[in-house]
Amino acid sequence: MNHESEIETRERLTRLWREAEPSVQAYVFAAVRSVQDAEDVVQQVALTVARRFDEYDGARPFVAWALWLAKSRVIDHYRRQEREKLVFSEALLEQLAEALVQRQPQRSARQEALERCIEKLPAKSRQLLELRYEEDASMERVAEAVQSTAASVRVLLFRIRNLLAECVQSQLSKEVL
Amino acid sequence: MNDTERQLIDLMLDGALPEVECANLMAQIEGDAEAVAYLADRALLHSDLRHSLKRREVRQWATAAASPQTKRVVSPASRWFAWRPPMAAAAVLALLAAGWFWVGSREVRVLALVDASGTISWSEDGKWRTDLAIGEQLKAGTIETVGEATSASLRFRDGTMLNLSGDSELSFSENGQKLLVLRKGSLSAQVKPQPKDKPMLVRTASAEARVVGTVFNLAARSEDTLLKVDEGLVNLKRLADGSTIDVPAKSSAVASLDSGLKLNSTTTPEPLADWRFDFTHTMAPRDWRGFSDGACMMARPYVASRKASGEVVTHFGISVRTAQLVPPLSLMVRDKSVIRYRLKQTQNKSLQIMLLTSKTSGGYGGNFEARVDGSELKPDADGWCDVAVPVSAFKPLSPKHLSPVGNIITSALISSLQTDTKLTVVRFELKSEPGL
């Protein structure tokens, strides 16, 4: 492969991976409990995608192919953890991948809408999200920081996410109109 | 689905649901299209929130750095965790693109090219240049050495030296921290002490090395990474499973893509002055140049250099890369050393023999070349002949490294240059012959 076509291939791979990465992350973070393990699995998926990119059939959605590779890496992870039973069965991993592929066309619009929705949240809600996601804090640590209980934080976070999901949906509906 | 089930899914995505309950919950939702759809939506929301909030954190840090009076107080540990995903993503993209991702350092001259032989290319903003001059200062980018006997020595501003040899490709950047991606080939480095919290990072497709100051060699091979440490200590991480190992001086380790293999370090053997490799009963390692069938080693074409027009010059050769044996073997060149081959060609054409060397302390030792005229070859009735070349016949390719004596051979290459003479070798030998 000459330099120019190699550069073109790399640029194509980078662009496709950037688009698919959030869905791959969602998939892996759902199936792998520890944040650090999930990050490592995502990294392994990225490396596999890069190594096997010449096998990718451009006629298929890239995200479907990346999620197919991610499924194998998740199962490898379960095996390394010596799980007797998979937390996610192979069938469920496939169903989840299919659902994520269906949602891919709206990904960037959803992310932009979410940014706007976060801005609209009350300060206390944003603080809870920041503690939870910026610092990867456990429920207990978040509760300690806001002088509340873990149970209460769980409920609050559930409600905040529901509000955000509704807000994102509403923003997307307006865009369609 | 009821609200309790939805909450449980959220808890699971927060990592706050015990594993047994996770498994039970997932068994319940399997095949339930509505529940799977909710799980997908929620998993995306969690992922987007993580991504979005970490990005906000990074932006706030950038703002805080620009305005000291607004600086936030965050513990070093939490700061690391906050940066971890962007850093991981950047590293992954680096490997995917190997174009450049450390945008902030693009305009800064990072490295100086201090020595070179053979064809070297450097990417500048996506365009490749092959007209590099010794002493030229390079911005963050990608440098490629083309050809088995090509090498490039590079120096960071703090005096850290890098040497690329053979067919290698290295992306580099320094923006408070030295970040390297070795996409292929071999890199040796003499690293000046680095800040402990900002070690030099070298990534390959299968491993990451963290270096705070040491002398080492790293070879990115097709399915693994071979690290040989001469001085100091290098922390090697296998990307396949995240396992790490500290590799001390005079030791080596292999990080394979196969995480089933144990990651451990072994002591590097003392240098040998006499060594022989018999291709008639030993299969050559995969990363040696040539084709081995267990009975002989046949020459393979390789890119020896590239002309300014982009046209490649192909040679036909066989390499013995002792540095890529496991553990790496060190062959010491002495003043009475002789390089011997038993070989065969279909025509008595001239041969080129190259020695690629490193210093005993681990740095780059120079490349050396000897020519054997076709008329000097005396094949027997079956076409086989023995070639013996004393070390004194090897000429340096760079005035900075005048003699291979006292150096370690990392690779020995024999080629019939541009003619395919079906060069076949059955034996390679390094021998110290006091009678010379």
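Residues numbered from 1 in each chain as written. Chains lettered and ligands numbered in written order. Predicted model: local features only at pLDDT ≥ 70, side-chain atom pairs only at ≥ 80, totals over all residues. Heavy atoms only, no water.

Caption draft 1: Quick look at the overall build of chain A. Looking only at helices and strands, one finds 8 helices and 0 strands in chain A. For chain A, the sequential pattern of α-helices and β-strands runs α-α-α-α-α-α-α-α. Among the 177 residues that make up chain A, the fraction classed as buried is 53%. When contacts within chain A are restricted to residue pairs at least 6 apart in sequence, long-range pairs at least 24 apart make up 62% of them. Accessible surface computed for chain A: about 8800 Å², of which carbon and sulfur atoms make up 48%. (Helix = DSSP H or I, 4+ residues; strand = E, 2+ residues; numbered from the N terminus. Buried < 20%, exposed > 50% of the residue type's maximum accessible area, 1.4 Å probe, protein only. Contact = heavy atoms within 4.5 Å. Areas by Shrake-Rupley, 256 points an atom, 1.4 Å probe, with all protein chains shown as cover.)

Caption draft 2: Region of interest: the overall build of chain B. For chain B, the helix and strand inventory stands at 4 helices and 27 strands. Here chain B holds 436 residues, and the buried ones make up 55% of them. Across chain B, the fraction of contacts at a sequence separation of at least 24, relative to all contacts at a separation of at least 6, is 59%. For chain B, the accessible surface area stands at approximately 18200 Å², while carbon and sulfur atoms represent 52% of it.

Caption draft 3: Structural context of the pattern of salt bridges. Throughout the structure, instances matching the rule amount to 32 salt bridges over all chains. Between Arg203 of chain B and Glu208 of chain B there is a salt bridge, with its nearest N and O atoms 2.9 Å apart. Assigned by exposure class, Arg203 of chain B and Glu208 of chain B land together as buried. The partner of Arg371 of chain B in a salt bridge is Glu369 of chain B, and the shortest N-O contact between them spans 2.9 Å. Judged by its relative accessible area of 52%, Arg371 of chain B is exposed. The buried category is assigned to Glu369 of chain B, whose relative accessible area is 17%. Where salt bridges share partners, they join Arg132 and Arg161 of chain A together with Asp10, Asp14 and Arg42 of chain B into one cluster. (Salt bridge = Lys/Arg side-chain N within 4 Å of Asp/Glu carboxyl O.)

Caption draft 4: Here's a closer look at the state of the cysteines. Residue and element names in this part refer to chain A. According to the stated counting rule, one finds 1 disulfide over all chains in the structure shown. In this model, Cys117 is linked to Cys167 through a disulfide, with the two sulfur atoms separated by 2.0 Å. Residues Cys117 and Cys167 are joined through a disulfide that is left-handed, its torsion about the S-S bond being -90 degrees. You can see Cys117 sitting in helix α5 (residues 107-120) and its partner Cys167 sitting in helix α8 (residues 150-176), a full 50 residues away along the chain. The exposure class assigned to Cys117 is buried, which follows from its relative accessible area of 2%. Among the residues examined, Cys167 registers a relative accessible area of 18% and is labelled buried. (Disulfide = S-S within 2.5 Å.)

Caption draft 5: The arrangement of the confidence of the model for chain B in detail. Residue and element names in this part refer to chain B. Of the residues in chain B, 85% reach a pLDDT of 70 or more, and the chain-wide mean stands at 81. Confidence, expressed as mean pLDDT per element, reaches its minimum in chain B at helix α4 (residues 76-97) with 43 and its maximum at strand β21 (residues 337-344) with 96. Note that residues 97-106 has pLDDT below 50 and, in this model, 27 contacts with residues that lie over four places away or in other chains. (pLDDT = per-residue confidence, 0-100.)

Caption draft 6: View of the packing of aromatic side chains. Inspection of every chain in the model, using the stated rule, returns 11 aromatic pairs over all chains. Site record: aromatic cluster; members linked through ring pairs are Trp275, Phe277, Phe279, Trp288, Tyr341 and Phe428 of chain B. In this arrangement the basic side chain of Arg132 of chain A is found over the ring face of Tyr133 of chain A, its NZ or CZ atom lying 5.2 Å from the centre. Sitting above the plane of the Phe156 of chain B ring, Lys178 of chain B keeps its charged end 5.0 Å from the centroid. (Phe/Tyr/Trp six-rings, centres within 6.5 Å; stacked < 30°, edge-to-face > 60°. Lys NZ or Arg CZ within 6 Å of the ring centre and 35° of its normal.)

Caption draft 7: Focus on unusual backbone geometry. Of note, the phi angle at Gln147 of chain A is positive, near 50 degrees, even though the residue is not glycine. Here Gln147 of chain A lies in the loop between α7 (139-145) and α8. Positive phi outside glycine occurs at Lys250 of chain B, with the angle close to 60 degrees. Structurally, Lys250 of chain B can be placed in the loop between β12 (244-248) and β13 (251-256).

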